[in-house]
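Overview (structure and organization)
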Amino acid sequence: MALSKAPTVAHVRVDEGSAGQRIDNFLVRVCKGVPKSHIYRILRSGEVRVNSKRVAQTYRLQEGDELRIPPIRLAEKPDAPPVPVGKPFDIVFEDDALLVLDKPAGLAVHGGSGVSFGVIEQLRRQRPEAKFLELVHRLDRETSGLLIVAKKRSALTVLHDMMREGRVHKRYLTLVAGRWLNLQQHIKLALHKYLTEDGERRVSVSRDGKPAHSIVRLVKRWQRCSLVEVELKTGRTHQIRVHLSHSGFPLFGDDKYGDFALNKQLEKAGLKRMFLHAAKLAFRHPLTDQEIELVSPLPAELEEFVASVEQNEEREYG
């Protein structure tokens, strides 16, 4: 639902897709462009009514609730270009509550920060009949692999709780520079988020950061690089990239934390992207408690690069 730019009262009936959401978060979503401070002011003042009554900002909406939203004048903005429908995504699992898709590298999961659209916007274009589609978690733009999308708010809420409690098990495959020696190694380094002078998001290892835990397992080792599987016990921004780079094993093709001179050589050798793939997911269904285990094989371009590493190894070291 989009509010009109004209200052008129809006009456909204809550559907299944919005049931269970806090009213403040609901208003932030439907009143696009309105500052949060103004949202909270109209809630405190009682200008927003639910079933003709005042409610607190923590009130959770029920299906069938009737909302009165007061006149809000929004600044005129140029119309954004339409989101392209794009190719249908490869759906790995789907039922009434959620779906898991195999995200291609190079596509953001959502619009923003200079990106006009992402996976979730395209998915909504491809499925105009869907009442509710929301990301459960995120993947970096250059990361490929398994991504969970909720089709019901009830599923989204439970999955978010599961994520916080570490009950969604995620494993990634990555090719790193250097010879990884240990069959299994725990990396526990706190991570701190900050912005560069150009406004880009970055992460560094810092005692003042949030706890972060990765388990790295060796898959295969060559003379100059190693294929490893990384299990995330926490889900911090850029966690795998920063943990491995800080440990002396930068990801191949990582343009933020990697070896930039090496990346140029890798690009000439055929690696046009960051080598990071969300390969495995395991969790219990948020509504049925069914055990779900999903696997996504390495994309063709990464498989081909691994094959070239094998060939070079045989040629150089026999």
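Residues numbered from 1 in each chain as written. Predicted model: local features only at pLDDT ≥ 70, side-chain atom pairs only at ≥ 80, totals over all residues. Heavy atoms only, no water.

1. Some points on the overall build of the protein chain
Scanning the protein chain for helices and strands turns up 7 helices and 15 strands. Looking at the protein chain as a whole, 43% of its 318 residues are labelled buried. In the protein chain, the share of contacts with a sequence separation of at least 24, taken over all contacts with a separation of at least 6, comes to 63%. For the protein chain, the computed accessible surface area is about 17,500 Å², with 49% contributed by carbon and sulfur atoms. Across the protein chain, the centroid of the 52 positively charged side chains sits 6 Å from that of the 41 negatively charged ones. (Helix = DSSP H or I, 4+ residues; strand = E, 2+ residues; numbered from the N terminus. Buried < 20%, exposed > 50% of the residue type's maximum accessible area, 1.4 Å probe, protein only. Contact = heavy atoms within 4.5 Å. Areas by Shrake-Rupley, 256 points an atom, 1.4 Å probe, with all protein chains shown as cover. Lys, Arg positive; Asp, Glu negative; His and termini not counted. Charge placed at Lys NZ, Arg CZ, Asp CG, Glu CD.)

2. Details of the confidence of the model for the protein chain
Looking at the protein chain, the pLDDT average stands at 90 and 92% of residues meet or exceed 70. Low pLDDT (under 50) marks residues 1–5, which in the prediction has 12 contacts with non-local residues, meaning those over four places away or in another chain. (pLDDT = per-residue confidence, 0-100.)

3. Some words on the layout of surface pockets
By volume, the second largest pocket is sized at about 320 Å³. Lining the second largest pocket are 16 residues, and of these Arg224, Cys225, Phe252, Val309 and Asn312 sit closest to its centre. Secondary structure elements with two or more residues in the lining of the second largest pocket: α6 (260–268) and α7 (300–317). Considering every element that reaches the lining of the second largest pocket, the biggest residue donor is α7, with 7 residues. Residue composition of the lining of the second largest pocket, grouped by class: 10 nonpolar, 3 polar and 3 charged. (1 Å grid on protein atoms, 1.4 Å probe; cavity = no way out; pocket = protein on both sides within 12 Å on 5 of 7 lines; lining within 4 Å. Points joined across faces, edges and corners; volume = space filled by probe spheres on them. Nonpolar A, V, L, I, M, F, W, Y, C, P; charged D, E, K, R; others polar.)

4. Observations regarding the pattern of salt bridges
For the coordinates displayed, the defined rule picks out 21 salt bridges. Of the charged contacts, one joins Arg202 and Glu200 as a salt bridge, the two residues approaching to 3.2 Å between their closest N and O atoms. A network of salt bridges, in which partner residues are shared, links Arg171, Arg217, Glu229, Glu231, Lys233 and Lys280. (Salt bridge = Lys/Arg side-chain N within 4 Å of Asp/Glu carboxyl O.)

5. Some words on a positive patch on the surface
A surface patch of positive charge is lined by Arg138, Lys193, Arg201, Lys210 and Arg236. Checked against the element boundaries, Arg138 lands in the loop between β6 (134–135) and β7 (144–150). (Patch = residues over 30% accessible without salt bridge, like charges linked within 9 Å, V, L, I, M, F, W, Y side chains within 5 Å.)

6. Structural notes on the nonpolar core
Ranked by size, the top nonpolar core spans 29 residues in total, and within it Leu101, Val149, Trp180, Ile240 and Leu244 carry the most contacts. When residues of this core are traced back to their parent elements, those giving at least two are β5 (98–103), α3 (119–126), β7, β8 (169–177), β12 (213–221), β13 (225–232), α5 (239–246) and β14 (276–284). Apart from residues lying up to four places away in sequence, Val149 is in contact with Leu98, Leu99, Leu101, Ile120, Leu123, Leu133, Glu134, Leu135 and Val136. Counting residues in each nonpolar core, the second largest holds 19 residues, with Ala10, Val48, Leu61 and Ile72 among its members. (Core = buried A, V, L, I, M, F, W, Y, C linked by side-chain atoms within 4.5 Å.)

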